[in-house]
Amino acid sequence: MHVFASGGVAVPVQLATGIVVGCGYGIFALGIVLVYKASRIFNFAQCEIGAFGAFIALCCVHGIGFVPKLPFPLAILIGLVAGTLTGLGAERFVIRPLFSAPRATLLVATAGLALGFASLEALILGTNFKVLPNIGGPSKFALFGSSSDSNSYLYGWTQITTVLALVGTALAAVAFFRTRYGAAVLAVSQDPTAASVVGIKVSRISALVWGIAGFLGTVAAIVTLAGKPFIPGGESGFYTGTGPLILAFTAAALGGMTSLSGAFVGGLALGIIEQVAANYMPSSVPGGTAIVVFALLLVVLLAKPTGLLGKTT
Amino acid sequence: MTAGTYDTGLRARPDVFALLPRAVAWLAIGGVVALCASTGATVAGYATLAAIYVVVGLSLNVVLGYTGQLSLGHQGLVGAGALLAAYTSTAHSAPFVVALLFGALAGGICALVVGFVALRISGLYLSLVTLVFGVTLQQSLFEVNALTGGGAGEPANRPHFLFSNSRFFLVCTAFAIAATYLDYRLTKSKAGRAMFAIKADERVAASMGVNVVGYKLFAFVLSGLLAGLAGAALAFSSQQFNGSDYSFNLAILFVLMTVVGGVGSRAGVIVGSIFFALLGSLLPTLRPFKWFAGLFPTQTAANILQFGPGFVGALLLLLTLTFNSGGIAQQIAPVVRWLTGGRFKEADHASGS
């Protein structure tokens with residue numbers, strides 16, 4: 001069997017890396033779909049709100065600014081709370097005042113939010129970036145091949161924890177929609193007026209959804225950023241094309257913007273596609289991954305706007 | 001804004017006392033332009049950027065303000081124009097004017113591609129596609145070594161007679177004025193009215209006999225031509241094309257200046273474009289801002305001076321959207337009305353542009 005691709009990375013390793021990265025995209029996509037389902041808003045700040053939560057955790061770990069140095073688990077906990085509060089704050093101060101504005105205005109507003117958070121991080125952190133510690137500690141083992149290969153072939157508890165945490169979060173999010181609150185979110189998304197008539201507080205549901213979205217974004221950001229340098233507005237952030245936002249939105253579109261499981265599976269698929277494309281696209285074509293993702297998005301939107309896994313509602 | 005503004009002909013008799021102060025005001029604006037051109041290379045450089053951004057803002061306003069299609073990939077169109085202008089002028093030693101034309105053409109062709117997509121996909125999904133389109137252009141086309149001269153960037157040298165920043169600034173001002181006039185003619189034409197109808201309601205527009213497909217494509221191509229021209233001017237302004245300059249950051253800046261300026265309003269967009277073009281370079285030199293940054297430790301102060309403009313821009317955008325949805329245009333409407341010959345205070349049918 002031809003195991004090694006042109007890039008020299010074995011196929012199982014591509015798949016494993018793709019799954020780890022793709023779970024992150026999937027969780028980001030879950031947050032995007034959740035907000036879209038509840039209020040028909042394209043939340044371009046999803047990744048940046050998450051990155052802001054991760055940034056707060058980073059500040060706690062390294063003791064940046066007025067924040068004292070805290071142990072890592074506590075820092076993560078604070079980061080998660082901060083990310084959730086960021087989502088709530090965004091809803092209260094930006095989204096709710098614009099509730100009746102055109103949806104394109106809200107899209108610009110979320111993009112502005114993302115720009116604001118990225119600049120705020122840059123203001124505090126500057127260009128000398130810090131590293132968020134690995135979640136599972138430094139221990140590594142070779143999942144494929146021998147451990148004498150390059151370091152990138154090694155997988156450790158970080159990757160395993162990543163996948164477990166993200167899949168767990170995804171399952172929890174899907175389970176949430178089976179509860180009364182999930183039903184209330186659906187009701188609000190279908191008709192806010194009718195929902196308020198039967199006693200659902202629309203603004204409270206909106207806040208709930210943005211809080212959850214902030215939490216999901218922070219989980220994904222912390223887990224995918226672990227062990228990597230945190231560069232404001234960089235890979236973690238909103239600006240870079242290969243950054244998670246575009247992939248998360250493509251994943252959400254694969255699920256037709258309304259299917260939670262579709263979004264997560266779409267994220268997984270995109271993570272794998274990204275790895276495979278990076279290895280098989282000829283190096284003479286720059287931005288091969290971006291081209292593949294753009295083509296995929298166009299094909300899905302043009303041929304099947306309800307998404308590959310979406311329901312026709 | 002446009003519907004219902006009928007010229008009653010009451011201003012037919014020229015009134016010297018009404019014309020004089022306006023003439024003085026316009027002369028003052030011209031004086032500022034002349035001052036920018038004569039003060040020095042640095043000032044002319046800032047002013048050049050402002051003039052180019054005015055063209056970009058008007059270009060984005062055609063699709064966003066008039067036709068109602070949000071483009072988050074305008075940096076791709078601008079970059080395509082810059083790339084082709086730099087490439088033709090350096091690799092094929094094309095004359096300045098030809099390189100500009102090629103730049104505009106590149107922007108127009110890229111916009112045509114987006115326009116075709118916009119026929120099938122609309123609304124939020126279209127914004128998503130334009131976002132990914134712009135980023136894809138930046139990562140693929142703008143990184144092709146054969147076009148961009150590798151990592152060093154493709155040079156785009158100005159012709160000898162435009163070598164000074166001041167002269168080039170005057171050329172860019174001419175572009176901005178031409179774009180403004182084109183925009184003015186557009187809003188008064190059949191095409192402009194068709195675009196407003198499409199923005200209001202596509203189906204109703206179609207049922208009234210408006211060629212929705214044709215005018216949508218027209219809007220995108222016109223916007224792309226302007227963006228490409230602005231991109232070519234941008235390349236000649238820095239005398240170099242660097243693909244990494246045309247990141248998503250820039251697309252957000254373009255949307256910022258259009259929205260904060262006032263979507264759909266010519267005067268507002270022009271003021272917004274100038275404001276945001278100067279914000280990044282001038283804000284760190286302002287004394288109150290420096291004083292504020294000086295309150296913090298040295299490293300943080302440097303960060304504030306470097307990244308502050310982005311934060312201020314985002315803050316302005318959110319404040320504009322939540323408290324003042326008309327943008328700058330809403331505030332300056334009386335001034336603009338007065339400058340264009342109307343009354344300072346006008347109770348009925350306020351003409352924003």
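Residues numbered from 1 in each chain as written. Chains lettered and ligands numbered in written order. Predicted model: local features only at pLDDT ≥ 70, side-chain atom pairs only at ≥ 80, totals over all residues. Heavy atoms only, no water.

Glancing now at the overall build of chain B. Along chain B, the regular secondary structure elements total 15 helices and 2 strands. Total accessible area computed for chain B in this model is approximately 16200 Å², and 68% of it derives from carbon and sulfur atoms. (Helix = DSSP H or I, 4+ residues; strand = E, 2+ residues; numbered from the N terminus. Areas by Shrake-Rupley, 256 points an atom, 1.4 Å probe, with all protein chains shown as cover.)

Helix and strand counts for chain A stand at 11 helices and 4 strands. Within chain A, buried positions represent 54% of all 313 residues. Counted over contacts in chain A with a minimum sequence separation of 6, partners at least 24 positions apart contribute 73%. Just so you have it, chain A exposes about 12700 Å², and 70% of that area is on carbon and sulfur atoms. (Buried < 20%, exposed > 50% of the residue type's maximum accessible area, 1.4 Å probe, protein only. Contact = heavy atoms within 4.5 Å.)

This brings us to the pattern of salt bridges. All names here are of chain B. Under the definition given, this model contains 3 salt bridges over all chains. The shortest N-O distance in the salt bridge between Lys 216 and Glu 202 comes to 2.9 Å. Of the two residues, Lys 216 sits in helix H10 (residues 212-238) while Glu 202 sits in helix H9 (residues 202-207), which places them 14 residues apart along the sequence. (Salt bridge = Lys/Arg side-chain N within 4 Å of Asp/Glu carboxyl O.)

Residue and element names in this part refer to chain A. Evaluated as defined, the whole model comprises 0 disulfides over all chains. Cys 59 takes part in no disulfide bond, and the closest cysteine sulfur to it belongs to Cys 60, at a distance of 6.8 Å. Its relative accessible area of 6% is what places Cys 59 among the buried residues. (Disulfide = S-S within 2.5 Å.)

Now for the environment of Lys 304 of chain A. Residue and element names in this part refer to chain A. Tracing the backbone through its elements, the reader meets Lys 304 in the segment after helix H11 (288-303). Judged by relative accessible area, which is 37%, Lys 304 ranks as partly exposed. Taking the C-alpha atoms as reference points, Lys 304 and Leu 254, separated by 50 residues in sequence, lie 9.0 Å from one another.

On to the nonpolar core, then. Of all hydrophobic cores here, the largest spans 175 residues; its most connected members are Phe 42 and Phe 44 of chain A. Sequence-distant contacts of Phe 42 of chain A, that is, excluding residues within four places in its chain, are made with Tyr 36, Leu 107, Thr 110, Phe 249 and Met 257 of chain A together with Leu 124, Tyr 125 and Leu 128 of chain B. (Core = buried A, V, L, I, M, F, W, Y, C linked by side-chain atoms within 4.5 Å.)

Attention now moves to H10 of chain B. Residue and element names in this part refer to chain B. For H10, with 27 residues, the first-to-last C-alpha span of 39 Å sits near the 39 Å given by 1.5 Å per residue. Most of H10 sits inside the fold, with 20 of its 27 residues counted as buried. Directly after H10, the chain includes Gln 239, whose backbone phi takes a positive value near 55°. (Expected span 1.5 Å × (residues − 1).)

Time to look at empty space enclosed by the protein. All names here are of chain B. Per the counting criterion, the structure on display carries 4 cavities of 30 Å³ or more. In this model, the second largest cavity occupies a volume close to 60 Å³. If you go around the second largest cavity, the residues you meet are Val 63, Ser 71, Gly 73, His 74, Leu 77, Val 114, Thr 130, Phe 133, Phe 220 and Ser 223. Of all the secondary-structure elements, those providing two or more residues to the lining of the second largest cavity are helix H3 (74-91), helix H5 (124-139) and H10. In the lining of the second largest cavity, the residues fall into 5 nonpolar, 5 polar and no charged. (1 Å grid on protein atoms, 1.4 Å probe; cavity = no way out; pocket = protein on both sides within 12 Å on 5 of 7 lines; lining within 4 Å. Points joined across faces, edges and corners; volume = space filled by probe spheres on them. Nonpolar A, V, L, I, M, F, W, Y, C, P; charged D, E, K, R; others polar.)

Next up on the list: the confidence of the model for chain A. All names here are of chain A. Confidence along chain A averages 79 in pLDDT terms, with 83% of residues attaining 70 or more. For chain A, the element scoring lowest by mean pLDDT is strand E2 (residues 140-142), at 54; helix H3 (residues 72-95) scores highest, at 92. Scored below 50 in pLDDT, residues 1-7 makes 12 contacts in the model with residues more than four places away or belonging to other chains. (pLDDT = per-residue confidence, 0-100.)

A full pass over the atoms with the stated rule returns 19 aromatic pairs over all chains. Each ring, one from Phe 42 of chain A and one from Phe 249 of chain A, has its centre 5.4 Å from the other, and the planes form 40°; the classification is tilted. Of this pair, Phe 42 of chain A sits in the loop between helix H1 (11-39) and helix H2 (46-62) while Phe 249 of chain A sits in helix H9 (residues 244-254); the two residues are 207 residues apart in sequence, bridging distant segments of the chain. Comparing Phe 42 of chain A with Phe 249 of chain A, the two get one shared label, buried. Each ring, one from Phe 241 of chain B and one from Tyr 246 of chain B, has its centre 5.4 Å from the other, and the planes form 15°; the classification is stacked. The burial state of Phe 241 of chain B is the same as that of Tyr 246 of chain B; both residues are buried. Through pairs of rings, three or more aromatic residues link up here, namely Tyr 36, Phe 42, Phe 44 and Phe 249 of chain A together with Tyr 125 of chain B. Just above the ring of Phe 177 of chain A sits the side chain of Lys 37 of chain A; from NZ or CZ to the centre is 5.3 Å. (Phe/Tyr/Trp six-rings, centres within 6.5 Å; stacked < 30°, edge-to-face > 60°. Lys NZ or Arg CZ within 6 Å of the ring centre and 35° of its normal.)

Here we come to the packing of helix H4 (residues 103-125) of chain A against helix H14 (residues 298-323) of chain B. Relative orientation of the contacting elements H4 of chain A and H14 of chain B amounts to 160°, with a least axis distance of 8 Å. The orientation of H4 of chain A with respect to H14 of chain B, classified from their angle, is roughly antiparallel. Judged by the sense of rotation from one axis to the other, the crossing of H4 of chain A with H14 of chain B is left-handed. (Axes fitted to C-alpha atoms, helices over the stretch in contact; angles between N-to-C directions. Parallel < 35°, antiparallel > 145°, perpendicular 65-115°, else oblique. Left-handed = near helix turned anticlockwise from the far one by under 90°.)

Quick look at the packing of helix H12 (residues 266-282) of chain B against H14 of chain B now. Residue and element names in this part refer to chain B. Taken N-terminus to C-terminus, the directions of H12 and H14 make an angle of 150°; their axes are 9 Å apart at the nearest point. By the angle class used here, H12 and H14 are roughly antiparallel. Contact with H12, carried on its side by Phe 275, Phe 276, Leu 279 and Gly 280, involves Pro 309, Val 312, Gly 313 and Leu 316 of H14 and no other residues of that element. In terms of residue class, the contact of H12 with H14 is built from 6 nonpolar, 2 polar and no charged.

As a further point, take the side chain of His 74 of chain B. Residue and element names in this part refer to chain B. Along the polypeptide, His 74 turns up in helix H3. Side-chain polar atoms of His 74 contact the side chain of Ser 223, separated by 3.2 Å. The contacts of His 74, once residues within four sequence positions are left out, are Ser 59, Leu 60, Val 63, Ser 223, Ala 227, Ala 251 and Phe 254. (Polar contact = N/O pair within 3.5 Å; in protein donor to acceptor, adjacent residues only side chain to side chain.)

Below, the discussion takes up the interface of chain A and chain B. At the junction of the two partners, chain A supplies 44 residues and chain B supplies 38 residues. When chain A packs against chain B, close to 3700 Å² is buried across both sides, 82% of that on carbon and sulfur atoms. Three residues, Val 108, Leu 123 and Phe 294 of chain A, lead the burial of chain A against chain B; their summed loss comes to 16% of the area buried on that side. Counting across the chain A and chain B interface gives 0 salt bridges. Between chain A and chain B we count 2 residue pairs in polar contact (both at pLDDT 80 or more) in total. Every element with two or more residues in the side of chain A that touches chain B is listed here: H3, H4, H9 and H11 of chain A. Per-element accounting of the side of chain A that touches chain B gives the leading share, 17 residues, to H4 of chain A. When the residues that make up the side of chain A that touches chain B are grouped by side-chain class, the tally is 32 nonpolar, 10 polar and 2 charged. (Buried area = accessible area lost by both parts, 1.4 Å probe.)

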